[in-house]
Amino acid sequence: MHMSKEEKLRQLEAEAKACKRCRLHKTRTNVVFGSGPADAEIMLLGEGPGFMEDKSGAPFVGAAGKNLDSLLQTAGLKREDVYITNIVLCRPPQNRDPLPDEIESCKCFLEGHISVIKPKFIITLGRVAARTLLGRYVTMGREHGKLLDCTYAGTDFKLYLTYHPAAALYGAEAKQRLQADFKKLGQRIKSIR
Ligand code: URA
C-alpha cells in the first residue's frame, strides 16, 4: 500500500510517543517529535528538548527557539518551510547533554525522519547533532560554517554545521558568529537550489 510522506511521519510519531527504549521516557512530559512540512527541503537538527519543549511537545519554543527564529530570518528562511527536530526526542533531566546510549536508542527516529523527508539540506545546531550525523568528533570552533556532502539513513544531502542557537545567549561574539553562519547558509542554499 502506498503511504504518503505525511502518513509515514504520523506512523513514526505514534511509535515515538509510545517509546520506552531509554530512561528518558520516565521523566518526560511529552515526546517532542518535530514540526514542519513532511516534504521540506531543509531540516534543522537540534540536540534535545528543553523545559518549554517538554511541556509543550513542540521543538525550539523557548529562549533558544526565539534565537532560531531570528537566525532563520537572517538566512531568508521561514520556520513553516523547514522541518525541525532533535537528536533525542525526550528531554534530558536538567538539560544535560544526551548520553551516548540515549542517542543510540533514538537513532531509529532520526533515521526515520531523514529517510521519509529526504531533505536536500540538513543544518546541525551544535556539536551533538554534528557528531551524530558524521559519526566522528567535531568541535564547532573548528568546523562551523562548513558545507559537507553527507549520507545518512540511505539519503544523500548537504550538511551545514553551525553552533546551537542557545550559544547566542552566552554573549555578543557567539551571537555574531551564529548570525554570520546563517547569512552564509542563506547564500549557499540560494546558489545550490
Ligand atoms: N534546544 C534544542 O536542542 N532543541 C530544542 O528543541 C530546544 C532547545
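We now turn to the structure provided with this report. Note that this is a predicted model, so its numbers are computed, not measured.

**Some remarks on the nonpolar core**
Item 1. Within the largest apolar cluster, 60 residues are counted, with the highest numbers of intra-cluster contacts made by L44 and L133.
Item 2. Residue contacts for L133: discarding those within four places in its chain leaves L45, L110, I114, I122, T124, C150, Y152, F157 and L159.

**Points about a nonpolar patch on the surface**
Item 1. Nonpolar side chains collect at one region of the surface, where F51, M52 and V61 lie side by side and expose about 270 Å² of accessible area between them.
Item 2. The class for F51 is partly exposed, based on a relative accessible area of 45%.

**Looking at the site of the ligand**
Item 1. Around the ligand lies a shell formed by G46, E47, G48, E53, P59, F60, N86 and H164.
Item 2. In this structure, F60 approaches the ligand through a main-chain N or O atom, which is 3.0 Å from an oxygen atom.
Item 3. Starting from 240 Å² of accessible surface for the ligand in isolation, the protein chains cover 92%.
Item 4. When atoms are counted within 2 Å of each cavity's grid points, the one that captures over half of the ligand is the largest pocket.
Item 5. Along the lines of polarity and charge, the residues of the shell around the ligand split into two nonpolar, four polar and two charged.

**Overview of the layout of surface pockets**
Item 1. When its volume is computed, the largest pocket comes out at roughly 630 Å³.
Item 2. Lining the largest pocket are 27 residues, with E47, N95, H164, A166 and Y170 sitting closest to its centre.
Item 3. At the level of secondary structure, the elements contributing two or more residues to the lining of the largest pocket comprise helix 2 (51-56) and helix 3 (63-74).
Item 4. The biggest single contributor to the lining of the largest pocket is helix 2, with three residues.
Item 5. Partitioning the lining of the largest pocket into residue classes produces 14 nonpolar, eight polar and five charged.

**Describing the sheet that holds strand 1 (residues 42-46)**
Two pairing modes exist for strands in a sheet, parallel and antiparallel, and in both the strands are linked by backbone hydrogen bonds.
Item 1. On the basis of which strands lie adjacent, the open sheet formed by five strands has the order 2-1-3-5-4 and mixed pairing. A single partner strand is all that each edge strand has here, and the edge strands are strand 2 (83-86) and strand 4 (147-152). Taking each pair of neighbouring strands and ignoring which way they run, the sheet shows an average axis angle of 30°.
Item 2. In the sheet, strand 1 pairs with strand 3 (residues 121-125) via four bridges, with the strands oriented parallel. The residue bridging L44 from the neighbouring strand is I123, located in strand 3.

**Overview of the pairing of strand 4**
Item 1. One ladder, built from six bridges, connects strand 4 with strand 5 (residues 155-162); its direction is antiparallel. Residue pairing across strands places D149 opposite K158, the latter belonging to strand 5.
Item 2. As consecutive antiparallel partners, strand 4 and strand 5 are separated by two residues, and within that stretch A153 has a phi angle of approximately 50°, a positive value.

**Concerning the side chain of N67**
Item 1. Among the structural elements, N67 can be located in helix 3.
Item 2. In this structure, N67 is in contact with P165, A168 and L169, ignoring residues within four places of it in sequence.

**Quick look at the environment of S4**
Item 1. Mapped onto the fold, S4 is located in the segment before helix 1 (5-17).
Item 2. C-alpha separation for the pair S4 and T151, spaced 147 residues apart in sequence, amounts to 22 Å.

**Regarding unusual backbone geometry**
Item 1. We note that Q94 has phi near 55°; this positive angle belongs to a residue other than glycine.
Item 2. Residue placement: Q94 occurs in the loop between strand 2 and helix 4 (100-117).
Item 3. Overall, the relative accessible area of 72% leaves Q94 in the exposed class.
Item 4. The backbone phi angle of N95 is positive, close to 60°, even though this residue is not glycine.
Item 5. You can see N95 is positioned in the loop between strand 2 and helix 4.

What counts, and where the lines are drawn
Here the residue index of a chain counts from 1 through its sequence in written order. Where local features are concerned, this predicted model is filtered to residues with pLDDT of at least 70; where side-chain atom pairs are given and counted, the filter is 80 or more; whole-chain, interface and lining totals use all residues. Based on all heavy atoms of the structure, the side-chain values leave hydrogens and waters out of the count. The nonpolar core is taken to be a set of buried Ala, Val, Leu, Ile, Met, Phe, Trp, Tyr and Cys residues, with the residues joined through side-chain atoms within 4.5 Å. Burial status follows relative accessibility: with a 1.4 Å probe on protein chains alone, a residue under 20% of its type maximum counts as buried, one over 50% as exposed, and anything between as partly exposed. Two residues qualify as a contact provided that any one of their heavy atoms is within 4.5 Å of a heavy atom in the partner residue. Like charges are joined within 9 Å and nonpolar side chains (Val, Leu, Ile, Met, Phe, Trp, Tyr) within 5 Å, but only among residues with over 30% relative accessible area and no salt bridge; these make up the patches. Method for areas: the Shrake-Rupley scheme with a 1.4 Å probe, in which residue coverage is limited to the protein chains shown. Any carboxyl oxygen of Asp or Glu that lies within 4 Å of a side-chain nitrogen of Lys or Arg is treated as forming a salt bridge with it. The nearness test applies per residue and asks whether one of its heavy atoms lies within 4 Å of the molecule or strand. We call two N or O atoms a polar contact when they sit within 3.5 Å, provided that within protein one can donate a hydrogen and the other can accept it, with sequence-adjacent residues counted only if both atoms are side-chain atoms. Points on a 1 Å grid, built from protein atoms alone, make a cavity when a 1.4 Å probe fits but cannot get out and make a pocket when they are open with protein on both sides within 12 Å along at least 5 of 7 lines; residues with an atom within 4 Å of a point are the lining residues. The way we define it, a molecule is inside a pocket or cavity when more than half of its atoms are within 2 Å of that pocket's grid points. Each residue gets one of three labels, nonpolar for Ala, Val, Leu, Ile, Met, Phe, Trp, Tyr, Cys and Pro, charged for Asp, Glu, Lys and Arg, and polar for the others, Gly among them. Grid points are joined across faces, edges and corners, and a volume is the space filled by probe spheres set on the points. Numbering of helices and strands starts at the N terminus; helices are DSSP runs of H or I of at least 4 residues and strands are runs of E of at least 2. Here a strand pair is declared whenever DSSP counts at least two bridges between the two strands. Working convention: axes come from line fits to C-alpha atoms, limited for helices to the stretch in contact. Angles between N-to-C directions cover 0 to 180 degrees.

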